[in-house]
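Examination of the molecular architecture
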Amino acid sequence: MANGKKLLIVAHAPSPNTQRLREAVAEGASHPDIENVEVRVLAPLDAGPDDVLWCDAIVLGTTENLGYMSGALKDFFDRSYYPCLEETQGLPFTFYIRAGRDGTGTHRAIDSITTGLRWRQVQEPVLCRGEFREAFVGQCRDLGMAMAASLDAGLL
């Protein structure tokens, strides 16, 4: 896949349901009709600046923890921010939040950091709010598929 694009998925998945969401994003991104996109899926504590520099687009996933993103995703940003700041401006991204409450603090925190990085949000984030529903899995699958298909089609 020498001329292919690269999609990075960095998602915190501490529970079986959040693991299902991360897997759904990866499954959508790996749809058989998407031929020229390599997908890399990492937990935030396993991802770092080299992974961000490797990719052409990124999908972030997090739980809502006390009205904020997970500590693991924040740690990923802390380690990646300055090494990526000048090199990844304009990086296409989107995200999803598994929120027990409203997710607004988490959304605001991700917006703040990605604005500082000058990344370009290319899709509306998916907010999986309230009690877990099967529909969340489909929404995350669609999110991954849309990102990968956009890369494959040369739109990103």
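A brief report on the enclosed structure follows. (Residues numbered from 1 in each chain as written. Predicted model: local features only at pLDDT ≥ 70, side-chain atom pairs only at ≥ 80, totals over all residues. Heavy atoms only, no water.)

1. Observations regarding the pairing of strand 2 (residues 37-42)
Note on strand geometry: in a regular strand, side chains alternate between the two faces of the sheet. As paired strands, strand 1 (residues 5-11) and strand 2 are joined by six bridges and run parallel to one another. Paired with V10 across the bridge in strand 2 is L42. Note on the crossover from strand 1 through helix 1 (residues 16-29) to strand 2: the handedness is right-handed. (Pairing = 2+ DSSP bridges. Helix = DSSP H or I, 4+ residues; strand = E, 2+ residues; numbered from the N terminus. Right-handed = clockwise from strand over helix to strand, strands pointing away.)

2. Remarks on the packing of helix 1 against helix 5 (residues 134-152)
One way to put it is that helix 1 packs onto helix 5 with a least axis distance of 6 Å and a crossing angle of 35 degrees. The crossing of helix 1 and helix 5 is right-handed. Only E134, F136, V137, C140, R141, G144, M145 and A148 of helix 5 make contact with helix 1, whose side of the interface consists of R20, L21, A24, V25, E27, G28 and A29. Counted by class, the contact of helix 1 with helix 5 contains nine nonpolar, two polar and four charged residues. (Axes fitted to C-alpha atoms, helices over the stretch in contact; angles between N-to-C directions. Left-handed = near helix turned anticlockwise from the far one by under 90°. Contact = heavy atoms within 4.5 Å. Nonpolar A, V, L, I, M, F, W, Y, C, P; charged D, E, K, R; others polar.)

3. Regarding the packing of helix 3 (residues 71-85) against helix 4 (residues 104-117)
At a minimum axis separation of 10 Å, helix 3 and helix 4 run at an interaxial angle of 15 degrees. Here helix 4 runs roughly parallel to helix 3, going by the angle between their axes. In this structure, helix 3 meets helix 4 at a crossing whose hand is left-handed. Where helix 3 approaches helix 4, its residues L73, K74, F77, Y81 and L85 are matched on the opposing element by I110, I113, T114, G116 and L117. Among the residues making up the contact of helix 3 with helix 4, the classes are represented as seven nonpolar, two polar and one charged. (Parallel < 35°, antiparallel > 145°, perpendicular 65-115°, else oblique.)

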